[in-house]
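This is what each chain is made of:
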Amino acid sequence: MSQQYRDARRAEILAAARRCFVRDGFHGTSMQDLLAEVGLSSGAVYRYFPGKQDMIIAIAEENLAEVTGEVRRMTAVKPAAGIGELLARIFQVIKAKHEEDGFAAIALLVWAESLRDPTLAERIKSTLADVTAELADIVRERQESGGLPAGVPAAQLTQVIVASVPGYILQLATLGPAVVEGLPGAVRALWPD
């Protein structure tokens with residue numbers, strides 16, 4: 001088997017798991033449900049994932065990688081995009097991924113699961129800390145240029161900005177795409193620099 005084949009098979013299994021998880025939740029989905037959804041033997045699935053929890057972690061890591069990848073692409077460009085533009089693009093990536101595979105619903109399930117799974121909680125915490133540190137550099141730059149208030153510590157401003165992403169995801173998952181449609185434009189207007 002080539003690596004390309006293995007990667008495609010792994011992606012196929014995770015896509016089936018996402019469908020099951022979005023439909024029935026993590027705890028409402030059995031391994032039998034996953035096997036039926038993907039249409040593979042248990043041996044074929046277990047070769048890639050020893051258990052359902054491994055699939056949950058893999059999906060969580062993919063979700064985190066989508067958002068952090070976008071942040072890293074945008075912060076690598078100098079001068080970096082403004083805060084409003086950065087958030088607007090992140091919101092657009094999240095919405096597109098949600099339309100494709102239920103990204104926002106999975107994110108909510110992952111956050112809930114992280115309350116009982118310390119390994120998952122640590123992965124989320126670590127990724128969030130890395131992204132927050134990268135965004136703090138942009139916040140400091142904007143403070144120095146007068147685009148953001150200088151009297152508030154950059155770390156606190158960054159936390160407010162980062163907190164808007166889970167809020168967007170929560171609204172998208174629970175209230176639907178129509179409710180969040182104008183939010184990219186709103187963050188651009190709120191933080192035009």
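Preceding block: the structure.
Trainee: Quick question: what am I supposed to make of the nonpolar core here?
Mentor: In this structure, Ile 83, Leu 87 and Ile 94 are the most contacted members of the largest nonpolar core, which totals 31 residues. Put simply, the parts of the chain that give this core at least two residues each are helix 4 (52-76), helix 5 (83-101), helix 6 (103-114), helix 7 (118-145) and helix 8 (154-175). The greatest single-element share of this core, amounting to eight residues, is contributed by helix 8. Not counting chain neighbours up to four residues away, the residues in contact with Leu 87 comprise Ile 161, Ser 164, Val 165, Val 187 and Trp 191. Of all hydrophobic cores here, the second largest spans 26 residues; its members include Ile 13, Val 38, Ile 56 and Val 110.

Trainee: Mind showing me how you'd approach the packing of helix 6 against helix 8 here?
Mentor: Where helix 6 meets helix 8, the closest approach of the two axes is 8 Å, and the angle between their N-to-C directions is 115°. Taken together, the axis directions place helix 6 and helix 8 in an arrangement best described as roughly perpendicular. Between helix 6 and helix 8 lies a crossing whose hand is left-handed. Side by side, helix 6 and helix 8 meet where Phe 103, Ala 104, Ala 105, Ala 107, Leu 108 and Trp 111 of the first sit next to Pro 166, Ile 169, Leu 170, Leu 172, Ala 173 and Thr 174 of the second. Of the residues assigned to the contact of helix 6 with helix 8, the class counts are 11 nonpolar, one polar and no charged.

Trainee: What should I look at first to understand the side chain of Asp 117 in this one?
Mentor: Note that Asp 117 resides in the loop between helix 6 and helix 7. One buried charged residue, Asp 117, forms no salt bridge at all, with the nearest opposite charge on Arg 116 at 5.1 Å. A polar side-chain atom of Asp 117 sits 3.1 Å from the main-chain amide nitrogen of Leu 120. Those residues in contact with Asp 117 that sit more than four places away from it in its chain are Gln 53 and Ile 57.

Trainee: Any chance you could explain helix 7 here in plain terms?
Mentor: Think of an α-helix as turning once every 3.6 residues; residues three or four places apart then point the same way. For helix 7, with 28 residues, the first-to-last C-alpha span of 40 Å sits near the 40 Å given by 1.5 Å per residue. Within helix 7 the residues assigned to the buried category are Leu 120, Ile 124, Thr 127, Val 131, Thr 132, Leu 135, Ala 136, Ile 138, Val 139, Arg 142 and Gln 143. In the core, the buried residues of helix 7 are packed alongside helix 4, helix 5, helix 6 and helix 8. Residue Asp 117 occupies the N-cap position of helix 7, its side-chain oxygen lying 2.9 Å from the main-chain nitrogen of Thr 119. Gly 146, located one to two residues past helix 7, shows a positive phi value of around 90°.

Rules and cut-offs
- Residues numbered from 1 in each chain as written.
- Predicted model: local features only at pLDDT ≥ 70, side-chain atom pairs only at ≥ 80, totals over all residues.
- Heavy atoms only, no water.
- Core = buried A, V, L, I, M, F, W, Y, C linked by side-chain atoms within 4.5 Å.
- Buried < 20%, exposed > 50% of the residue type's maximum accessible area, 1.4 Å probe, protein only.
- Helix = DSSP H or I, 4+ residues; strand = E, 2+ residues; numbered from the N terminus.
- Contact = heavy atoms within 4.5 Å.
- Axes fitted to C-alpha atoms, helices over the stretch in contact; angles between N-to-C directions.
- Parallel < 35°, antiparallel > 145°, perpendicular 65-115°, else oblique.
- Left-handed = near helix turned anticlockwise from the far one by under 90°.
- Nonpolar A, V, L, I, M, F, W, Y, C, P; charged D, E, K, R; others polar.
- Lys, Arg positive; Asp, Glu negative; His and termini not counted.
- Salt bridge = Lys/Arg side-chain N within 4 Å of Asp/Glu carboxyl O.
- Polar contact = N/O pair within 3.5 Å; in protein donor to acceptor, adjacent residues only side chain to side chain.
- Expected span 1.5 Å × (residues − 1).

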